[in-house]
Amino acid sequence: MSDVILEAAETATPIQALAEAELSAALDAAPAFVKGFATFSEFKAKAGQVLLVPGEDGGLHTVLFGLGAAPDAMGFRALPAKLPAGTYRIAQAPERLDRNQAALAFALGSYRFDRYKAKKDERPRLVAEGVEVAEVRQVAHACALARDMVNTPANDMGPLQIETIAREIAEQHGATCTVVTGEGLLEANYPAVHAVGRAAVAERAPRMIEIAWGEAGRPLVAVVGKGVVFDTGGLDIKPSAGMRLMKKDMGGAAHALALGRMIMAANLPVRLAVLVPAVENAISGDAMRPGDVLASRKGLTIEVGNTDAEGRLILADALTRAAELQPALTIDLATLTGAARIALGPQLPPFFTDDEELAAQIERHAKAAGDPLWRLPLWAPYADALDSDIADLKNDPDGWAQAGSVTAALFLQKFAPSGPWVHLDIFAWNPRNRPGWPTGGEAQAIRGLYAMIRERFA
């Protein structure tokens, strides 16, 4: 995305960002024509309310922007969609409002996916005074990368394209990127990744991508992302309605790469491993079948009860690889279960960890960043639902457990490193259009996770 956050500009239209309680005093101090226009227009400073005040010369004099009764910097996400193209600056805002967060929110709200549009609209820009502009841009660009990847249709976002993006990120930040592809996955001991992706055509062969960055001796952060570029459901094929959005099933990989990019761009004092198994869950004569028993990198055998529960299979191999690196922290991100959406809806991803300190840090930073999450339990009594009669475990839990997001997390826990580990079951999608949240790909959780990592390894 082009930079919508500027350090300076010769001219910029002022924005008066007002809480409801501050409106009366602000209007009393404003020019009479501004107060009159606001009164006539019934501007109440409700959250997200915008009033464009014309000047006496017919141009735009100022913008009044409502922050509601409880001002929140993330409310600025709604502003760009309501502004004409031009350059603006925040001339007034509540003292307690975080200017860095407000600028970031403006950048996030400016996002548009226009790759396939003939006409590309000009976006409003914000002069961010007293703000860490470079940091805001880096985070906004990483979030835009994740959203672009999720929005791009599968014909242009296959395993090779994910590999290409990973290599570009690695080169940009002086990291190494190694990739194991196709039949090489068997030799390198990634049998579950191979089994899920082997039905795809050769040009879309499965692969295991690993980025390594950072100085020796620093604590290692492992970030694992599910990269299913399209999920037909395999032989347990999805209905057409269930398949419609499956271009976004690589959302975990997009988020892992974006979070890794944030960490490297900020030069955080850690070592980093970004692990992305990238596959297409296709249908062909070589597709895995219900009832097959797969090997895994850890040595555990897995009975395939349902070929549409493929994401946890590729994550099993990737998490095992992460464990071999002995990380100080492991994060995995995946668009894993519909059950998570049934439990919490599209805007509130669940996370799972048994580490109380880590959970508290994640919750605190998610709230501070306006990047909402909700903790769900790794409920051990449901682990029996993963028992198989003929293998070490199965990928489709028994129906009596019902809690599909929980049992998926329990499956992953069997392969996760022994240290601090968190699993996030993200949606990576806005299902309805709202100002600042256009329908389409959404970056979830990674801003809060980035802030948590910064503090944890400061």
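For the structure, see preceding data.
Residues numbered from 1 in each chain as written. Predicted model: local features only at pLDDT ≥ 70, side-chain atom pairs only at ≥ 80, totals over all residues. Heavy atoms only, no water.

(A) Seen up close, the overall build of the protein. Assigned secondary structure in the protein consists of 14 helices and 20 strands. At 24 Å, the protein has a C-alpha radius of gyration in line with the 23 Å of a compact globule built from 458 residues. Looking at the protein as a whole, 56% of its 458 residues qualify as buried. Of all intrachain contacts in the protein linking residues separated by at least 6 positions in sequence, the fraction that spans at least 24 positions is 75%. (Helix = DSSP H or I, 4+ residues; strand = E, 2+ residues; numbered from the N terminus. Rg over C-alpha atoms; globule rule 2.2 N^0.38 Å. Buried < 20%, exposed > 50% of the residue type's maximum accessible area, 1.4 Å probe, protein only. Contact = heavy atoms within 4.5 Å.)

(B) Focus on the pattern of salt bridges. Applying the stated rule across the entire model yields 26 salt bridges. Note that Arg321 and Glu210 form a salt bridge whose closest N and O atoms lie 3.0 Å from each other. In this pair, Arg321 sits in helix α10 (residues 311-324) while Glu210 sits in strand β8 (residues 207-213), placing the two residues 111 residues apart along the sequence. Across the pair Arg375 and Glu356 runs a salt bridge whose closest N-O atoms are separated by 3.0 Å. Of this pair, Arg375 sits in strand β16 (residues 374-375) while Glu356 sits in helix α12 (residues 356-368), and the two are 19 residues apart along the sequence. (Salt bridge = Lys/Arg side-chain N within 4 Å of Asp/Glu carboxyl O.)

(C) Quick look at the sheet that holds strand β3 (residues 50-54). One open sheet accounts for six strands, arranged β1-β6-β5-β2-β4-β3; its pairing is mixed. The sheet is open, and its two edges are formed by β1 (5-6) and β3, each paired on a single side. Pairing between β1 and strand β6 (residues 125-127): two bridges, direction parallel. If you follow Leu6 over to β6, its bridge partner there is Val127. (Pairing = 2+ DSSP bridges.)

(D) Quick peek at the pairing of strand β5 (residues 87-92). Where strand β2 (residues 13-19) lies against β5, four bridges are found, and the strand directions are parallel. Bridged to Gln16 within β5 is Gln92. Pairing of β5 with β6, which is carried by three bridges, proceeds in the parallel orientation. Looking across to β6, one finds that Tyr88 is bridged to Leu126. Read as a crossover between parallel neighbours, the route from β5 over helix α3 (residues 99-109) to β6 is right-handed. (Right-handed = clockwise from strand over helix to strand, strands pointing away.)

(E) A look at the packing of helix α5 (residues 159-172) against helix α9 (residues 251-265). Look at α5 against α9: their axes get within 11 Å of each other, and the N-to-C directions meet at 5°. When the axis of α5 is compared with that of α9, the two are roughly parallel. Here α5 contributes Ile162, Ile165, Ala166 and Ile169 to the contact with α9, which in turn contributes Leu257, Arg261 and Met264. A per-class count over the contact of α5 with α9 returns six nonpolar, no polar and one charged. (Axes fitted to C-alpha atoms, helices over the stretch in contact; angles between N-to-C directions. Parallel < 35°, antiparallel > 145°, perpendicular 65-115°, else oblique. Nonpolar A, V, L, I, M, F, W, Y, C, P; charged D, E, K, R; others polar.)

(F) Local environment of the sheet that holds strand β17 (residues 393-394). Read from one edge to the other, the open sheet built from three strands follows the order β12-β13-β17, with strand pairing classed as mixed. A strand with exactly one partner marks an edge of an open sheet, and here the two such strands are β12 (293-294) and β17. Taken together, the two bridges between β12 and strand β13 (residues 302-303) define a ladder with antiparallel strand orientation. Within β13, the residue paired with Val293 across the bridge is Glu303.

(G) View of the packing of aromatic side chains. Considering all chains together, one arrives at five aromatic pairs under this definition. Centre to centre, the rings of Trp379 and Tyr382 are 6.5 Å apart; their planes meet at 65°, and the pair counts as edge-to-face. Take Trp379: its relative accessible area is 44%, and that puts it in the partly exposed class. With 6.2 Å between their ring centres and 75° between their planes, Tyr382 and Trp400 make a pair best called edge-to-face. With Tyr382 in the loop between β16 and β17 and Trp400 in the loop between β17 and α13 (404-413), the pair connects residues that are 18 residues apart, well separated along the chain. According to the relative accessible area criterion, Tyr382 is partly exposed, its value standing at 26%. Linked through ring pairs, Trp379, Tyr382 and Trp400 together constitute an aromatic cluster. A cation over a ring is seen here: Arg297 above Tyr190, with NZ or CZ 4.2 Å from the ring centre. (Phe/Tyr/Trp six-rings, centres within 6.5 Å; stacked < 30°, edge-to-face > 60°. Lys NZ or Arg CZ within 6 Å of the ring centre and 35° of its normal.)

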